[in-house]
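# Residue-level structural notes
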Amino acid sequence: MSKIVFFCIPAHGHTNPTLGVVRELVGRGHEVWYYSYEAFREKIEAAGAKFIACDTYDVEQNLKPEDAARVGKDLAFSTRILVDTTLALDDMVCKAMEELQPDCIVADSMAVWGKAIAKKLGIPFVSSTTTFAFNKHSAQIMKQSIGELFRMIFSMPSINKDIRRLQDKGYPINSILDIIQNDEFTDTVVYTSPEFQPCADTFSDKYAFVGPSIREPESTFVKEREKLIYISMGTVNNNLMKLYRNCIQAFKDTDYQVLMSVGNLADVEALGELPSNISVQRHVDQIAVLEKADVFLTHCGMNSVTESLYHKVPVLMYPQTGEQGGVANRVEQLNAGVRLKKNTADMIRSGVEELLTNENYAENAAQISEGFKRCAGAKAAADKILSMC
């Protein structure tokens, strides 16, 4: 029996893919400790891990809900949060690892403290990458605008200052690339297929492209019309009232069944009286809906796109961050979706109709789905982790 420790950032898109792996490891008789935040306790414990809360050790970031949108767009802001968190957890985690003596540490690629502590203490390490693996070749899909490039250049002095804070504490971090880029020498689990990963053949044999861990639906969704349009902007940057109003305007006089999942920030009452074919909910069982959907209007989070394509549902894409833009670029390359170029009712409706009438999109989504299903998923990820123990 092995002792395995997981570290993750407080984000559903980074946590959810690991839960099937935790279940697989626990089911094989291994012990799993999972360092995360109270908002994720229930789902982590349900997977069978021993949950350790980081909230009381972490610094008071005083982040507002609207700051969540900055995390994916402002590299300096994101770096500061990661560095503050790493230094706040340093003493507690190092002491705990010395006492526990785990056989392996598995850390999200953004949870830099996990990798650094494993290096400090000489503990075998596996990186958990829930987006695309990132090197100079795959970076070509992360096409940045001139404005984004200028913002990154001007933010580098602030970023380098935070990197020096890590170095002063003994962390082997040389540059921001050590945080955002996967190196060729670290054993890495990537939760996508070789076919969906850009430039998969340019990564070393340290990389295991295990495919997604898709959970079973937790409820039953009833499809009431011939075509179901599902709309969700994820769990973070979802206060997009203009988009929701335009979706209502786009589909109010159609035969489509439309379901919008808008999260906790949107003012649902401000949307007014809804047409009979459109429903709005705070949260839904996304897997249950995607089993029945025909088109998914999404922010292009990696999890959402993966779940959609796994169920052979083409996507209308409205990315909000550079990372989501990279996912959208890959879907466009594989012709399994179209990008919403303008947030207008006419563009939303024409985008959905293009996906419904051009069979190529659904056929290409089905091919990607077949690639996902050829992967061994959580079983392959568990095998990779246990090979390091």
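### A few points about the overall build of the protein
A tally of regular secondary structure across the protein gives 14 helices and 13 strands. Burial status across the protein gives 54% buried among its 389 residues. Considering only intrachain contacts with a sequence separation of at least 6, the fraction spanning at least 24 residues in the protein is 64%. For the protein, the computed accessible surface area is about 17,600 Å², with 49% contributed by carbon and sulfur atoms.

### Quick word on the packing of aromatic side chains
Per the counting criterion, the structure on display carries 9 aromatic pairs. For the pair F6 and Y34, a centre-to-centre distance of 5.4 Å together with 10 degrees between the ring planes defines the contact as stacked. Residue F6 is located in strand 1 (residues 3–7), and its partner Y34 is located in strand 2 (residues 31–36); the two are separated by 28 residues in the primary sequence. Exposure class is identical for F6 and Y34. Each is buried. Taken together, the ring pairs in this structure connect F132, F196 and F372 into an aromatic cluster.

### Looking at helix 13 (residues 359–374)
Over its 16 residues, helix 13 extends 23 Å from the first C-alpha to the last, a length consistent with the 22 Å expected when each residue adds 1.5 Å. Every buried residue of helix 13 is listed here: Y361, N364, A365, A366, I368, S369, G371 and F372. Taken together, the buried residues of helix 13 touch helix 10 (302–310), strand 13 (337–339) and helix 12 (345–357). If you check the start of helix 13, you find a side-chain oxygen 3.0 Å away from the backbone N of N360, and it comes from N358.

### Focus: the environment of S369
Residue position: S369 is located in helix 13. Distance in space between the C-alpha atoms of S369 and V313 is 9.2 Å, their sequence separation being 56 residues. Residues contacting S369, with those up to four places away along its chain left out, are L309, Y310 and K312.

What counts, and where the lines are drawn
- Residues numbered from 1 in each chain as written.
- Predicted model: local features only at pLDDT ≥ 70, side-chain atom pairs only at ≥ 80, totals over all residues.
- Heavy atoms only, no water.
- Helix = DSSP H or I, 4+ residues; strand = E, 2+ residues; numbered from the N terminus.
- Buried < 20%, exposed > 50% of the residue type's maximum accessible area, 1.4 Å probe, protein only.
- Contact = heavy atoms within 4.5 Å.
- Areas by Shrake-Rupley, 256 points an atom, 1.4 Å probe, with all protein chains shown as cover.
- Phe/Tyr/Trp six-rings, centres within 6.5 Å; stacked < 30°, edge-to-face > 60°.
- Expected span 1.5 Å × (residues − 1).
- Polar contact = N/O pair within 3.5 Å; in protein donor to acceptor, adjacent residues only side chain to side chain.

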